[in-house]
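Read off the chains here:
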Amino acid sequence: MDQKRLWSAVIAALTLAIAPAMAQQEEAPPAEEPDELVEEVIVVTASRTEQSLNEAPAAVSVLTAKDIESIPADNYGALLRNVPGLNVSQTSARDINMTSRGSTNTLSTSQLVLVDGRSLYLDFFGFVMWDFLPVNTAEIKQIEAVRGPGSAVWGANAMTGVVNLITKRPKEMVGTSLLFGGGELGTLYGSLSHAGVSDNFGYKVSAGYYEQDPYERPVIPGVQNFPNSGTAQPKGEVRLDWDLADDSVFSAGGGYAGTDGIIHTGIGPFDIKKGSDLTYGKLDWNKGAFRVGFFANFLQADSTNLVSVGTNGQPLGFAFNTDTYNIDASNTTVAGAHNIFTYGANYRDSKFDLEIAPDGTKKQEYGVFLQDEILLGDKVRWVIGGRYDDVDPIDGVFTPRTSLLFAPNTHHTFRISYNEAFRTPSAINSYLDATILVGSAPLLLPATADGNVDLVEEH
């Protein structure tokens with residue numbers, strides 16, 4: 001807890017220290033609107049740099065703000081079912097799993113999910129809790145879904161694809177909005193957001209709530225039966241933006257998302273208790289194509305297994321607390337008339353406190369990547385690049401990528417691509433240490449489930 005307070009104080013101090021200097025910067029003059037407006041979708045996820053959708057070296061689908069507004073969905077699973085190539089399953093009121101170009105099981109471990117570049121992939125178990133998205137869908141500018149391996153850009157755990165939710169800046173949603181809705185299974189949701197701008201400063205404050213009753217569950221004779229549970233998810237977020245001269249933007253923000261309900265895992269279903277939550281802090285500075293970012297995720301939760309009993313005769317408990325700190329930087333440089341280089345690096349430090357994996361206490365990783373986009377003509381380009389990652393507890397991993405693109409016009413692109421990607425073993429995979437009772441009364445025998453510290457990455 002002391003470390004969390006320290007990082008919170010650091011973020012606050014940086015924000016307060018930088019704000020006066022930024023306020024003195026001259027506001028950049030507004031760009032002149034062209035005589036003829038042509039809608040062009042710009043994406044960043046495929047290469048960590050802004051580029052037209054038809055120039056992306058991977059298959060990318062984009063849901064714009066208009067698309068999101070027109071889709072009748074009350075959660076992210078229902079929303080992203082509209083993306084070709086994404087397989088979405090939902091097994092409880094709060095348990096959503098998603099995989100690109102593949103089947104989805106009850107604990108999807110190969111899909112990386114980001115919010116404005118901040119990872120939501122939970123390294124300690126190796127999956128994404130979609131209910132920890134601290135934004136309302138009305139605040140999303142676009143969702144970029146990269147189908148296929150993404151480790152050459154984003155590193156570990158982008159094995160089947162990457163989904164990046166890009167939120168609106170305060171100046172893109174000035175005013176106050178209020179939304180309420182509901183549906184079957186007692187679904188109830190609402191959100192309130194307010195954004196404003198003053199000279200070169202913008203702010204956004206939002207809060208939301210989502211609730212749904214339990215899914216129906218039949219009683220099956222001879223099988224361990226347990227009651228389903230619903231979910232309640234309060235959310236809140238604050239963001240501050242400073243627009244500086246010379247195409248420079250600084251952002252600071254933080255958020256909170258709570259949850260409860262059932263999660264299905266390979267060691268049985270767990271019921272996550274009320275009071276479980278994720279809080280985060282985030283700092284970003286962009287100057288043209290150069291970006292430096294920092295985020296910290298703090299997760300604390302408690303849960304109980306619904307079918308497994310520990311040696312004390314009580315349901316197996318699983319309390320988990322994780323602190324993750326990440327800093328990254330990237331840039332794009334044009335070299336001559338035919339080469340566009342994109343490069344960057346990141347460092348991440350994670351600390352775990354896991355009731356059923358007490359020896360899995362930390363994870364450190366760093367990675368560097370380089371990509372060269374070679375312009376072979378107006379309609380042909382060749383992208384080649386790779387990334388090196390060093391992730392505890394495995395050895396270094398190199399993931400290459402190459403794509404040959406032919407774009408006859410802005411609406412069609414043909415790609416021939418080769419990519420590699422990998423997923424690292426989670427702390428639970430490596431250090432699981434739980435003993436449960438099996439059999440039936442009066443004959444109950446202890447059985448131990450152990451992790452494997454010798455596991456290596458999955459390609």
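Residues numbered from 1 in each chain as written. Predicted model: local features only at pLDDT ≥ 70, side-chain atom pairs only at ≥ 80, totals over all residues. Heavy atoms only, no water.

Engineer: Looking at this structure, how should I read the overall build of the protein?
Structural biologist: When helices and strands are counted, the protein shows 5 helices and 26 strands. Relative to the 2.2 N^0.38 estimate, which gives 23 Å for 459 residues, the radius of gyration of the protein is 23 Å and therefore close to what a compact globule would have. Every one of the 459 residues in the protein was classed for burial, and the buried ones make up 50%. Across the protein, contacts joining residues at least 24 apart in sequence account for 57% of those joining residues at least 6 apart. Accessible surface, the protein as shown: approximately 21600 Å² in total, 57% of it carbon and sulfur. Distance between charge centroids for the protein: 1 Å, based on 32 positive and 56 negative side chains. (Helix = DSSP H or I, 4+ residues; strand = E, 2+ residues; numbered from the N terminus. Rg over C-alpha atoms; globule rule 2.2 N^0.38 Å. Buried < 20%, exposed > 50% of the residue type's maximum accessible area, 1.4 Å probe, protein only. Contact = heavy atoms within 4.5 Å. Areas by Shrake-Rupley, 256 points an atom, 1.4 Å probe, with all protein chains shown as cover. Lys, Arg positive; Asp, Glu negative; His and termini not counted. Charge placed at Lys NZ, Arg CZ, Asp CG, Glu CD.)

Engineer: Before we go on, may I ask you to explain the side chain of T424 in this structure?
Structural biologist: Positionally, T424 belongs in the loop between β24 (412-419) and α5 (427-431). Within the structure, T424 has its side chain in polar contact with the side chain of K363 (distance 3.0 Å). Residues within four places of T424 in sequence aside, it is in contact with A156, N157, K363, V391 and I394. (Polar contact = N/O pair within 3.5 Å; in protein donor to acceptor, adjacent residues only side chain to side chain.)

Engineer: Which parts of the structure should I look at to understand the environment of N286?
Structural biologist: Structurally, the position occupied by N286 is in strand β17 (residues 268-287). Residue classification places N286 among the partly exposed residues on the basis of a relative accessible area of 27%. Apart from residues lying up to four places away in sequence, N286 is in contact with D247, S248, V249 and R291.

Engineer: Help me understand the nonpolar core, please; the structure alone is not making it clear to me.
Structural biologist: Most often, soluble globular proteins have nonpolar side chains that are buried together. By size, the foremost hydrophobic cluster in this structure holds 62 residues, and its most contacted members are L80, F124, W130, I143, V163, F318 and L354. Every residue in contact with I143, bar those within four places of it in the chain, is listed here: S61, V62, L63, I68, L79, L80, V163, N164 and L165. (Core = buried A, V, L, I, M, F, W, Y, C linked by side-chain atoms within 4.5 Å.)

Engineer: Please explain the side chain of R169 as it appears in this structure.
Structural biologist: Mapped onto the secondary structure, R169 falls in the loop between β11 (161-167) and β12 (175-182). Within polar-contact distance, the side chain of R169 engages the side chain of D241 at 3.0 Å. What R169 contacts, discounting residues up to four positions off in sequence, is R239, D241, D243 and V249.

Engineer: Is there a simple way to think about the environment of S426 in this case?
Structural biologist: Following the sequence through the fold, S426 ends up in the loop between β24 and α5. When its relative accessible area of 2% is taken as the criterion, S426 is described as buried.

Engineer: Just to check I follow, could you spell out the sheet that holds strand β10 (residues 140-147) for this structure?
Structural biologist: Across a sheet, strands are paired by hydrogen bonds formed along the backbone, either parallel or antiparallel in direction. Read across the open sheet, the 5 strands follow the order β3-β10-β11-β6-β7; overall the sheet is mixed. The two strands at the open ends of the sheet, each matched to only one other strand, are β3 (59-64) and β7 (118-119). By the bridge criterion, 2 bridges tie strand β6 (residues 111-115) to β7 in an arrangement that is antiparallel. Bridge assignment links V115 to a residue of β7, and that residue is R118. (Pairing = 2+ DSSP bridges.)

Engineer: What's the story with unusual backbone geometry in this structure? I'm lost.
Structural biologist: In terms of backbone geometry, most residues other than glycine have negative phi values and most peptide bonds are trans. The omega angle of the peptide bond from D392 to P393 is 0°, so this bond is cis rather than trans. In this fold, P393 is placed in the loop between β22 (380-391) and β23 (397-409). Phi is positive for R48, which is not a glycine, with a value near 65°. Its place among the elements puts R48 in the loop between β1 (42-43) and β2 (51-52). Although it is not a glycine, D199 adopts a positive phi angle of roughly 55°. Within the fold, D199 resides in the loop between β13 (188-198) and β14 (201-212).

Engineer: Teacher, can you tell me more about the packing of aromatic side chains here?
Structural biologist: With the rule as written, the count across this model stands at 14 aromatic pairs. On the basis of an interplanar angle of 65° and a centroid distance of 5.6 Å, the ring pair of F270 and F318 is categorised as edge-to-face. Highlighted residues: F270 in strand β17 and F318 in strand β19 (residues 315-335), separated in sequence by 48 residues. The same class applies to F270 and to F318, which are both buried. R217 extends its terminal NZ or CZ atom over the ring of F226, reaching a point 3.9 Å from the ring centre. (Phe/Tyr/Trp six-rings, centres within 6.5 Å; stacked < 30°, edge-to-face > 60°. Lys NZ or Arg CZ within 6 Å of the ring centre and 35° of its normal.)

Engineer: Got a minute to help me understand the pairing of β14 in this structure?
Structural biologist: Where a strand is regular, its side chains alternate between the two sheet faces. A one-sided burial pattern is seen for β14, the buried positions being G202, K204, S206, G208, Y210 and Q212 and the unburied ones F201, Y203, V205, A207, Y209 and E211. With 11 bridges connecting them, β13 and β14 associate as antiparallel partners. Bridging across to β14, V197 finds its partner in G202. Connecting β13 to the antiparallel partner β14 that follows it, the hairpin turn spans 2 residues, and D199 within it adopts a positive phi of roughly 55°. Note: β14 against strand β15 (residues 231-244), 12 bridges, orientation antiparallel. The residue of β15 that forms the bridge with E211 is A232.

Engineer: Would you explain the confidence of the model for the protein in this entry?
Structural biologist: Where the model shows low pLDDT, its predicted coordinates should not be examined in detail. Looking at the protein, pLDDT values average 88 and 91% of them are 70 or higher. Considering only residues more than four positions removed or in separate chains, one finds that residues 5-38, a stretch of pLDDT under 50, has 25 contacts. (pLDDT = per-residue confidence, 0-100.)

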